[in-house]
Amino acid sequence: MTPTDFLPPALGPQRTFALVAGVERYDISHRWNLRGPARDALRFAHWLTGPAQVPPGNLRLLLSPLDEPEALPWPDSPAMAALRTAYRPATEENVKAALLDELPQCDGDLLWIFWAGHGYLGPRQELMLPCADARPSQIRHLNLDSALRWWRTDLVKQRSFPLQAALVDACRVDAPRDARWNFGSTDYGGGSSVPGRRQFRLYASREGEAAQNDAERGAGRFTEALLTELGGRSVRESVSGLPVAARSIHRTFRELRERGEGWQLPQFLVDRDWDACSFLDDDLAAVALPRAARLDQQAWDGLGALFEGRELPRCAYEAYAWAFRTAGCTTPVGGGLPGDGLLDVVQDLDERQGGRGGMPLAVPFVRFLADRAAAAGDAAWAGRLKDWVDTTRERLALPTLPPPPPPARTTVVHVGLEPPPDGGPGFRARMWLRGERTEHIWESQGAPVRLDTVRKELLRQLALIGAAPADGGTGPQAPGGVDRIEFHVPYELLDTDFDQWPVPRGPAGRHRALGLLHQVVVRCPQERADTRAEWRTSWRWLCTRGGRHPEAVRVVEEAEVTDALGMELAERPAPACVLAHTASAPHAGLLEAVLEGGVPVAVWRRGGTVPAPPLLDLLAPPGPDGRPDPGALDVLALPARVREVRRAAAGAAAGATRTAPGGGQSPAGEDQLVLLWDDPDDIPGSRSLA
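The numbers attached to residues start from 1 for each chain and follow its sequence in the written order. It should be noted that, the model being predicted, local features are given only for residues of pLDDT at least 70 and side-chain atom pairs only at 80 or more, the latter also being counted only at that level, while totals for whole chains, interfaces and linings use all residues. Heavy atoms throughout the structure, all of them, feed into the side-chain values; hydrogens and water do not.

Q: Would you mind showing me how to read the overall build of the chain here?
A: We count a stretch as a helix when DSSP gives it H or I for four or more residues in a row; a strand needs E for two or more, and each element gets its number in order from the N terminus. What the chain contains, in helices and strands, is 20 helices and 22 strands. Looking at the 690 residues of the chain, the share that counts as buried comes to 53%. Partitioning the contacts of the chain with sequence separation of at least 6, the portion at a separation of at least 24 is 74%. Each residue gets one of three labels from its accessible area relative to the maximum for its type: buried under 20%, exposed over 50%, partly exposed in between, using a 1.4 Å probe on protein chains only. Note on definitions: a residue-residue contact is assigned when non-hydrogen atoms from the two residues lie within 4.5 Å.

And the structure:
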């Protein structure tokens, strides 16, 4: 039995919703018709609105009976009388409207899906449940597996329906493979999986078996046994008792089969309970895993005061991930924070309950925030957070916490270029070094300077810092070298080949491209004035998802570069990164759209040639199907990833030159990628040089 503290505290009839369907008559052929499923659906609806006390308005009842609806044995109750006037035919349109449009908009804790009728297994073993309007040309159906995957994603309200149960009294036989059985391909897609949602499936039969129906009684054997187990239980009792009921039904059918009185052996989510553990394995079911403490009311009161008026800090996802690591738990798959506020994140952590050491996940999360606040100079808030951690640990008798890791130290040289006030040639230039602190290291004096002068001064500064040996020497690189060089430039210079600037390297006058030695990015913050809000919102959205999200990256094709693209990109925080798969020069509309849309990150190929392979193939890791997965691309790590691509391309080009007939001069093999990287929280020296 599922422990009651796994259930949402507010779970009850008012927060329980259901889709109940019974299909007896099918348009495809009279040979498909069967008697019983509509009556089974009525009986399950009667249990929901009777002993379970679920309001009839929370049910979506779909019936396609053999006889006239008035001839069905409608139970005599006010709730069933209301459903008698509200039910709809079990067509595909009504099924999709109820399951994918109406119910996801409800605010509930528990979803029941009950289906009685025919069932077939598709080529990928997905369960396909034909609807009443199934026809030979198109067997309209509900793809239950796809629908349940959809219900686990953020297309359903993130805090809604943590518990979902599908009960199916249908066959699970393979669909015939001839052309007359045209199920087509039905996949409802979905967003990102929401952690913490549990699903429980009870099937009337195993794969390849038929679920027999008692036509004389108008009842399915499985539904009969199921309703016997549910009996007079309440919503909470029925949910927590589902694994026990499943085992009981399984034993009943096994005994009938052994006596020769039964013909099917039910199978329940391939023998899984609410925790996705095998409940048919008594040894595993008996294991009681240690559980962590949960926050008490005093802890919640303190957090309410601490988090009031606070936005999610930039380090929130790092704190979230570290909480799992320090408690000995696996970080949730998919990345990203579970909510848009600090209290939402803590609620998610508290519901997960930590690991074997007894530490609630919320405590290391707050500890991490305290350390980062102190490092950022917010000593007052850091002190209050640390006091909360200390008092909570003492009150709940929690173990000690290891210190959070220090912030990653990245040394960056910022190179600012601005056209002179009179519009003449050259640029006013300035450089800053940002490490543990930010310092101004150089500024052009007098007349504006050419880019070649800026390059020579940058090389001199890198040598002084220790990032590159002076005069092309071969001495060791000094510790604390420069990781990244960021060029803050006017719009017209965004496509300039800064990453190809030659840097003396080694003996005999050898040079390496700047983009091979350092991460090199371009920036255009002065063009963000009109879309500053969208720019900052998009960057913060990216940070709170740890840099990875299925919607974070958008590949823009040539045909999409229109006057409306910028407004389209500005509508939502996502995407935060644009990859250009265009043939025209980037200034021909693409960069205008990126800046107008507030998109902080973009990658294109210099000069506008179409990348081969496409940028997504080049930058993103492959998914389970072998194709590049945009949701797995860490946008926050793109500066390092682009440098890896440049180095790999340079190595491949050098190898090709060595093996080419006649040898010859090595071509510029570096892949001509340009990375726009506008971090709104890291813009030193914002005052104009003009």
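Further notes follow.
Q: Looking at this structure, I do not really get the sheet that holds strand β2 (residues 59-64). What am I missing?
A: The strands that make up a sheet pair up through hydrogen bonds in the backbone, lying either parallel or antiparallel. An order of β2-β1-β3-β7-β9 is seen for the five strands of this open sheet, with the pairing classed as parallel. The open sheet terminates on both sides in strands that have one partner only, identified here as β2 and β9 (198-203). Pairwise comparison of adjacent strand axes, ignoring direction, gives a mean angle of 5° for this sheet. Strand pairing requires that DSSP identify at least two bridges connecting the strands. Summarising the sheet, strand β3 (residues 110-116) and strand β7 (residues 163-169) pair through seven bridges and their orientation is parallel. Among the inter-strand pairings, Ile 113 is bridged to a residue of β7, identified as Ala 166. To get an axis, a line is fitted to the C-alpha atoms, and for a helix only the part in contact is used. The angle between two axes follows their N-to-C directions and goes from 0 to 180 degrees. Where helix α1 (residues 37-49) meets the sheet, it contacts β1 (16-23), β2, β3 and β7, and its direction lies at approximately 165° from that of β1. The sheet strands contacting helix α5 (residues 221-230) are β3, β7 and β9, and the helix crosses β7 at an angle near 140°.

Q: Quick question: what am I supposed to make of the packing of helix α12 (residues 362-375) against helix α13 (residues 379-396) here?
A: Axes are the key here: two packed helices are described by the angle between their axes and the distance separating the axes. Viewed as axis vectors pointing N to C, α12 and α13 meet at an angle of 155°, and their least axial separation amounts to 8 Å. In terms of axis orientation, α12 runs roughly antiparallel to α13. As α12 packs across α13, the resulting crossing turns out to be left-handed. Taken together, the residues of α13 that come into contact with α12 (itself represented by Ala 362, Val 363, Val 366, Arg 367, Leu 369, Ala 370, Ala 373 and Ala 374) are Trp 381, Ala 382, Leu 385, Lys 386, Trp 388, Val 389, Thr 392 and Arg 393. Each residue belonging to the contact of α12 with α13 can be placed in one class, and the counts come to twelve nonpolar, one polar and three charged. The cut-offs work like this: below 35 degrees is roughly parallel, past 145 is roughly antiparallel, 65 to 115 is roughly perpendicular, and the gaps in between are oblique. If you view the pair so one helix is near and one far, a crossing is left-handed when the near helix is turned anticlockwise from the far one by less than a right angle, and right-handed when it is turned clockwise. For this classification, Asp, Glu, Lys and Arg are treated as charged, while Ala, Val, Leu, Ile, Met, Phe, Trp, Tyr, Cys and Pro are nonpolar and the rest, including Gly, are polar.

Q: Got a minute to help me understand the side chain of Gln 199 in this structure?
A: Mapped onto the secondary structure, Gln 199 falls in strand β9. Note on Gln 199: relative accessible area 11%, which makes it buried. Within 3.5 Å is the distance limit for a polar contact, defined as a pair of N or O atoms, with the added protein rule that one can donate a hydrogen and the other accept it, and that residues adjacent in sequence qualify only through two side-chain atoms. Engagement of the side chain of Gln 199 in a polar contact is seen with the backbone oxygen of Leu 148, the distance being 2.8 Å.

Q: Is there a simple way to think about the confidence of the model for the chain in this case?
A: Atom-level detail of predicted coordinates should not be read off regions where pLDDT is low. Of all residues in the chain, 83% have pLDDT values of 70 or greater, and the mean over the chain is 83. As a per-residue measure, pLDDT tells how confident the predictor is, with possible values from 0 to 100. Here residues 278-290 is a poorly scored stretch, pLDDT under 50, and it has 14 contacts once near neighbours within four places are set aside; other chains count. Between residues 468-479, whose pLDDT stays under 50, and residues either more than four places distant or in other chains, the model counts 15 contacts.

Q: For this particular structure, what's the right way to read the layout of surface pockets?
A: Empty pockets left among the atoms are what a rolling probe the size of a water molecule brings to light. For cavity detection a 1 Å grid was placed over the protein atoms alone, and a set of points counts as a cavity when a 1.4 Å probe fits there but cannot get out; an open set counts as a pocket when protein lies on both sides within 12 Å along at least five of seven lines, with lining residues being those that have an atom within 4 Å of a point. Grid points are joined across faces, edges and corners, and a volume is the space filled by probe spheres set on the points. The calculated volume of the second largest pocket comes to roughly 1,600 Å³. What lines the second largest pocket is a set of 39 residues, among which Arg 314, Glu 318, Pro 407, Ala 408 and Asp 679 lie closest to the centre. Those elements giving two or more residues to the lining of the second largest pocket turn out to be α10 (316-326), α12, α16 (532-543) and α20 (638-659). By residue class, the composition of the lining of the second largest pocket is 18 nonpolar, five polar and 16 charged.

Q: I tried to follow empty space enclosed by the protein on my own but got confused; where do I start?
A: A complete count under the given rule lists two cavities of 30 Å³ or more for this structure. Roughly 50 Å³ of volume is contained in the largest cavity. Forming the boundary of the largest cavity are Thr 496, Phe 498, Asp 499, Val 520, Val 521, Val 522, Arg 606, Arg 646, Leu 673, Val 674 and Leu 675. At the level of secondary structure, the elements contributing two or more residues to the lining of the largest cavity comprise β18 (519-523) and β22 (673-677).

Q: How do you make sense of the sheet that holds strand β5 (residues 127-130) when you look at a structure like this?
A: Strands sit in the order β6-β5-β4-β8 across an open sheet of four strands; the sheet is mixed. With one partner strand each, in any of the chains shown, β6 (141-143) and β8 (173-174) form the two edges of the open sheet. Pairing analysis gives two bridges linking strand β4 (residues 120-121) to β8, with the strands arranged parallel. Residue Tyr 120 lies in a different strand from β8, and its bridge partner there is Val 173. Taken strand by strand, helix α4 (residues 144-151) contacts β5 and β6, and its axis lies near 50° from that of β6.

Q: How should the pattern of salt bridges be read in this particular structure?
A: Pairs may arise between side chains of opposite charge once their charged atoms sit close together. Take a side-chain nitrogen of Lys or Arg and a carboxyl oxygen of Asp or Glu: if they are within 4 Å of each other, that pair is a salt bridge. A full pass over the atoms with the stated rule returns 37 salt bridges. A salt bridge links Asp 371 to Arg 367, with the shortest nitrogen-to-oxygen separation between them at 3.2 Å. Of the two residues, Asp 371 and Arg 367 are both situated in helix α12; the distance of four residues between them amounts to about one turn of the helix. A salt bridge links Glu 457 to Arg 460; its shortest N-O distance comes to 2.8 Å. Here Arg 460 and Glu 457 lie together in helix α14 (residues 451-465), a separation of three residues that amounts to about one turn. Arg 460 sits in the partly exposed class, given a relative accessible area of 43%. Look at the salt bridges and you will find they share partners, linking Arg 314, Arg 536, Arg 540, Asp 679 and Asp 681 into a network.

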